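What the coordinates show
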Amino acid sequence: MANFFHFDELGTNYRTEFIAGLTTFVSMVYILFVNPNVMSASGIDKGAMFTATALATALGCFLMGIIANYPIALSTSLGTNAFFAYSVCVGMKVPWQTALAGTFIAAIIFMILTAFKLRETIIDAIPADLKSAIAGGIGLFIAFLGLNQGGLVVADKSTLVTLGSLHVGSTWLTIFGLILTVVLMSARVPAAIFISMVATTILGMVTGLIGLPTHVVSSVPSIKPIFLTAISHVTDINTLQLWIVVFTFLLVTFFDTTGTLVGLAKQAGFIKDNKIPRIGRALSADSLSMVGGSLLGSSPMGAFVESSAGIAVGGRSGFTVIVTGIFFLLGTFFSPLLGVITDQVTAPALIVIGILMANALRDIHWDKFELAAPSFLIVLGMPLTYSISDGIALGFIVYPISMLAAKRGKEVHPLMYVLGVIFIIFFWLLNE
């Protein structure tokens, strides 16, 4: 086992890798409760999604550990699950079964692009500024969802949105969780998000704002309501609008996983001469996990930035995430806790993750208007249209126009002109 994971070469051992795997698990276990809450907005059964999330995460971790030997965990991405639930199912009124089929098709395309090494070509076609805008915009969208679900921002007929009532106990529960998370994150406390969720849940139960669970451990919830649903509804993807949804799943997953992989590889010291060893294997692992996850019934998978916690305590091999995956399998027996993980408990996590994702905005060239304009429309468009795909569309339509006006049209990749036209058609069809 030690030889398979190259412990000597990487300067690690079983004890270090186990602790790193446990640390990564504790840092990202919140996804077991946040993902079902987010995805339930689409109509998907919470219990089934809880099990799917655990199994998909374990599968992703095992694939990354065995194929690429990287201490980088894979799980359901909070960017794409928000797009799935709120943009596609709630906004476009697409049935969740059809959305799952879209995820599956995107995963197959993702795997084919990876096999033919075309991911880099497509990624390179989209300018770095727009990639940063997409990441930052998703962050703002997720944070907006958290503020709304936690009661801090509510709808208003006069001003569209306004500050929520501070006379509601559940809103103060969100405020408590948010402040605690900010304090723990600022103090660099490991597993800050998970700790604050536990503390907020306990406070909610003590104050009577959250009902007490009847039990903690139970049998694993059935995955039957969503298992293989993606395959049986593939024929539902039969309109241009739904193909745009598939493309957006593909696009968001592209940037989320690639950016996170590069950042974590840099933290672990794997990058040599500006190249990441075994990157092809890592990309294969995450594309396979996306296919497997879609069959299980989960939203698209991606590399989890919380893996940095395990890397920080010494995790250097794939054995780290093998341990993480095993803990996620054990976590399937704690589904009764889903009932006490309310919107007010998960809202602070969404807000803080939004803050972390907004970090990408610093890489946009705001001093160059031809780049700032499409980037701004992407970033602001996502939360204001309540749609990740609409935000991306706004920016991708304006980008070639602004570049042509700035006499920089030759710098625009031909694919970007094609995408601009596609998104114009997308808007036209949406408004029919």
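Residues numbered from 1 in each chain as written. Predicted model: local features only at pLDDT ≥ 70, side-chain atom pairs only at ≥ 80, totals over all residues. Heavy atoms only, no water.

Considerations on helix α6 (residues 96-115)
Taking 1.5 Å of rise per residue, 20 residues should cover 28 Å, and α6 covers 28 Å from first to last C-alpha, within 8% of that figure. Counting buried positions over the 20 residues of α6 gives 14, a clear majority of the element. Phi turns positive one or two residues past the end of α6, at Lys117, with a value near 55°. (Helix = DSSP H or I, 4+ residues; strand = E, 2+ residues; numbered from the N terminus. Expected span 1.5 Å × (residues − 1). Buried < 20%, exposed > 50% of the residue type's maximum accessible area, 1.4 Å probe, protein only.)

Some remarks on the environment of Leu22
With respect to the helices and strands, Leu22 occurs in helix α2 (residues 14-28). Spatially, the C-alpha atom of Leu22 lies 25 Å from that of Ile355, the residues being 333 residues apart in sequence. The contact partners of Leu22, leaving out residues within four places of it in the chain, are Val323 and Phe327. (Contact = heavy atoms within 4.5 Å.)

Quick notes on the packing of helix α5 (residues 78-91) against helix α8 (residues 128-149)
Packed helix pairs are specified by the crossing angle of their axes together with the interaxial distance, meaning the distance between the axes. Between α5 and α8, the least distance of the axes is 10 Å, while the angle of their chain directions is 60°. The orientation of α5 relative to α8 falls into the category oblique. Seen from above, α5 lies across α8 with left-handed handedness. Side by side, α5 and α8 meet where Leu78, Gly79, Ala82, Tyr86 and Ser87 of the first sit next to Ile138, Phe141, Ile142, Leu145 and Gln149 of the second. The residue inventory of the contact of α5 with α8, partitioned by class, reads seven nonpolar, three polar and no charged. (Axes fitted to C-alpha atoms, helices over the stretch in contact; angles between N-to-C directions. Parallel < 35°, antiparallel > 145°, perpendicular 65-115°, else oblique. Left-handed = near helix turned anticlockwise from the far one by under 90°. Nonpolar A, V, L, I, M, F, W, Y, C, P; charged D, E, K, R; others polar.)

Points about the nonpolar core
Counting residues in each nonpolar core, the largest one holds 99 residues, and the members touching the most others are Phe84, Met197, Ile226 and Phe396. In this structure, Met197 is in contact with Tyr30, Phe33, Val34, Ile341, Val345, Thr346 and Ala349, ignoring residues within four places of it in sequence. Within the second largest apolar cluster, 13 residues are counted, among which are Ala68, Leu74, Ala265 and Phe270. (Core = buried A, V, L, I, M, F, W, Y, C linked by side-chain atoms within 4.5 Å.)

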